[in-house]
Amino acid sequence: MAVNAKKIAVYVLVVFALYVIITDPAKAADYVQIGFEGISDAAKAIGDFMTWIANGGKS
């Protein structure tokens, strides 16, 4: 039963993404840009944290 629910959720997500892309491509591009900015910020934060650890945890 859980597998079916997972498949349905994936299909709904794909249909929604296609709907947004078809009806408003500019908004879809904004969503993608926001997503990549979030990933970039997270990677920078992890890098800053690893640098802090490599420096012995000193401010």
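Please read all numbers here as calculations on a predicted model, not as lab measurements. (Residues numbered from 1 in each chain as written. Predicted model: local features only at pLDDT ≥ 70, side-chain atom pairs only at ≥ 80, totals over all residues. Heavy atoms only, no water.)

Peer 1: How do you make sense of the overall build of the chain when you look at a structure like this?
Peer 2: Helices and strands together make up the secondary structure of the chain, namely two helices and zero strands. Relative to the compact-globule value of 10 Å for 59 residues, the chain shows a C-alpha radius of gyration of 19 Å, a clear excess of over 25%. Each of the three principal axes of the chain carries a C-alpha extent, and together these read 50 × 35 × 10 Å. Counting every position in the chain, which comprises 59 residues, the buried fraction comes to 3%. Counting every atom, the chain has about 5300 Å² of accessible surface; 73% of that belongs to carbon and sulfur. Averaging the coordinates of the 5 positive side-chain charges in the chain and doing the same for the 5 negative ones gives two points 13 Å apart. (Helix = DSSP H or I, 4+ residues; strand = E, 2+ residues; numbered from the N terminus. Rg over C-alpha atoms; globule rule 2.2 N^0.38 Å. Buried < 20%, exposed > 50% of the residue type's maximum accessible area, 1.4 Å probe, protein only. Areas by Shrake-Rupley, 256 points an atom, 1.4 Å probe, with all protein chains shown as cover. Lys, Arg positive; Asp, Glu negative; His and termini not counted. Charge placed at Lys NZ, Arg CZ, Asp CG, Glu CD.)

Peer 1: Can you walk me through a nonpolar patch on the surface in this structure?
Peer 2: Taken together, the side chains of Val 10, Val 14, Leu 18, Ile 21 and Ile 22 present a nonpolar region at the surface, about 470 Å² in accessible area. If you trace the backbone, Val 10 turns up in helix H1 (residues 2-23). (Patch = residues over 30% accessible without salt bridge, like charges linked within 9 Å, V, L, I, M, F, W, Y side chains within 5 Å. Salt bridge = Lys/Arg side-chain N within 4 Å of Asp/Glu carboxyl O.)

Peer 1: Whenever I open this one, helix H2 (residues 25-54) confuses me. Can you help?
Peer 2: Since the α-helix turns once every 3.6 residues, residues separated by three or four places project in the same direction. Across its 30 residues, H2 extends 43 Å between first and last C-alpha, which sits within 8% of the 44 Å expected from 1.5 Å per residue. One or two residues past the end of H2 sits Gly 56, with phi positive at roughly 90 degrees. (Expected span 1.5 Å × (residues − 1).)

Peer 1: Would you mind going over the environment of Thr 23 with me for this structure?
Peer 2: With respect to the helices and strands, the residue Thr 23 is situated in helix H1. A distance of 2.7 Å separates a polar side-chain atom of Thr 23 from the backbone oxygen of Tyr 19. (Polar contact = N/O pair within 3.5 Å; in protein donor to acceptor, adjacent residues only side chain to side chain.)

This is a description of form; function is not addressed.
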